[in-house]
Amino acid sequence: MKHLAEYRDADTARRLAAEIGRLATRPWAIMEVCGGQTHSIIRNGIDQILPPEIEMIHGPGCPVCVTPLETIDKALAIARRPETILCSFGDMLRVPGSREDLFAVKAAGGDVRIVYSPLDAVTLARSRPDREVVFLAIGFETTAPANAMAVQLAAREGLANFSMLVSHVLVPPAIRAIMMSPGNRVNAFLAAGHVCSVMGTWQYPPLAEEFGVPIVVTGFEPLDLLEGIRRTVAQLEEGRHELENAYPRVVSERGNEAAQAVIAEVFASVDRAWRGIGVIPASGWRLADAYAGFDAERRFDLAGITAEESPLCQSGEVLKGAIKPSQCPAFGKECTPRTPLGATMVSSEGACGAYYNAGRT
């Protein structure tokens, strides 16, 4: 806590909220893109100490939540095969597919294992040459370098029994899609600091200029978020639309160029479907042709799997910022963390789960 307490000081938080109140002269809707930021805002009651002019809109930056239903069903199909070991981060196991989740497949005898790094899956493939080891590789730009390194390592060692089911998504195309969507009311964005720590901030000024919206990069602690909101409101009130980096202790303009080089070698751009939202052009990565032999979707011939969302679930509207979680008719009724209809209720970064756990109705 030594290095976190300074970013959680209650008196400073109140002063920042008061300053935001002095700056705001009209209503503004600000979207925090990242699900981690959403949870911090709700858990710390940041939205409740802001002036009434400021509305926080929760964006689609939860990687678990936007992983397409088809990808979950493909992971389930792989996990059911007797020759495979499916490896995943733990927060994916309760994400509902069309009929069940990975926990249900594991309970029925499927070999589904929680790992803490894609390199754990490579190690498993090395020790179990008799089994097909598949890593479920999801996430935004933040998780891509480690996933790319795992594929490089498997290729270097000639691990023919290792593959990845890839569903990476990218933040800048999502911002573009939100700004171009009918009924959009977002006036500004808080960009995710961990994504920018990898990719830098250079992609965002053109978006701020094109759509006339401030974009402020911020972290996840209460004072990080309040300072990001303060800077955003200042820009809005002054009629500016610029990229500002309010997280310089972690983020630089160019980002981690070594990580970007690994990503560029292993992955290629692709149009990607986002759960509840639809296809966003050039918003994802797939394995590049040079590494196609490690593509689980090709290896297990999964291209024909399609899926449909529950008609009761409005997580897509939540992810687009059109409604708050508690405005979904199924929230807290048919849909709870024990009986989730969508990933936004079970993910550790999902807005619906954040609202439910905080008692927001």
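Computed from a prediction, not measured in an experiment: that's the story for all the values here.

Draft legend 1. Quick look at the sheet that holds strand S10 (residues 267–274). Across the sheet, which stays open at both edges, the 6 strands sit in the order S4-S3-S5-S6-S11-S10 with mixed pairing between neighbours. Each end of this open sheet is capped by a strand with a single partner; those strands are strand S4 (112–114) and S10. The mean angle between the axes of side-by-side strands here comes to 25 degrees, regardless of whether they run parallel or antiparallel. Contacting S10 and strand S11 (278–287), helix H13 (residues 257–266) crosses the sheet at an angle of about 80 degrees to S10.

Draft legend 2. A look at the sheet that holds strand S1 (residues 28–34). In space, the 5 strands of this open sheet follow the order S2-S1-S7-S8-S9, with parallel pairing throughout. Strands with a single pairing partner mark the edges of an open sheet, and in this sheet they are strand S2 (54–61) and strand S9 (243–245). Across the sheet, the axes of successive neighbouring strands diverge by a mean angle of 25 degrees, strand direction being ignored. With 4 bridges joining them, strand S7 (residues 188–192) and strand S8 (residues 215–218) adopt parallel strand pairing. For alanine 191, the partnering residue across the bridge sits in S8 and is valine 217.

Draft legend 3. The packing of aromatic side chains, seen in detail. Scanning the model with the defined rule gives 4 aromatic pairs in all. Aromatic pair phenylalanine 267 and tryptophan 285: ring centres 6.0 Å apart, planes at 10 degrees, arrangement stacked. In this pair, phenylalanine 267 sits in strand S10 while tryptophan 285 sits in strand S11, placing the two residues 18 residues apart along the sequence. Judged on exposure class, the residue phenylalanine 267 and its partner tryptophan 285 are both buried. Ring geometry for phenylalanine 331 versus tyrosine 356: centroids 6.2 Å apart, planes at 75 degrees, classification edge-to-face. Placement of the pair is phenylalanine 331 in the loop between helix H15 (315–319) and helix H16 (343–346) and tyrosine 356 in helix H17 (residues 351–357), with a sequence separation of 25 residues. With a relative accessible area of 36%, tyrosine 356 lands in the partly exposed category.

The rules behind each value
Residues numbered from 1 in each chain as written. Predicted model: local features only at pLDDT ≥ 70, side-chain atom pairs only at ≥ 80, totals over all residues. Heavy atoms only, no water. Pairing = 2+ DSSP bridges. Helix = DSSP H or I, 4+ residues; strand = E, 2+ residues; numbered from the N terminus. Axes fitted to C-alpha atoms, helices over the stretch in contact; angles between N-to-C directions. Contact = heavy atoms within 4.5 Å. Phe/Tyr/Trp six-rings, centres within 6.5 Å; stacked < 30°, edge-to-face > 60°. Buried < 20%, exposed > 50% of the residue type's maximum accessible area, 1.4 Å probe, protein only.

In short, shape yes, function no, at least from these values alone.
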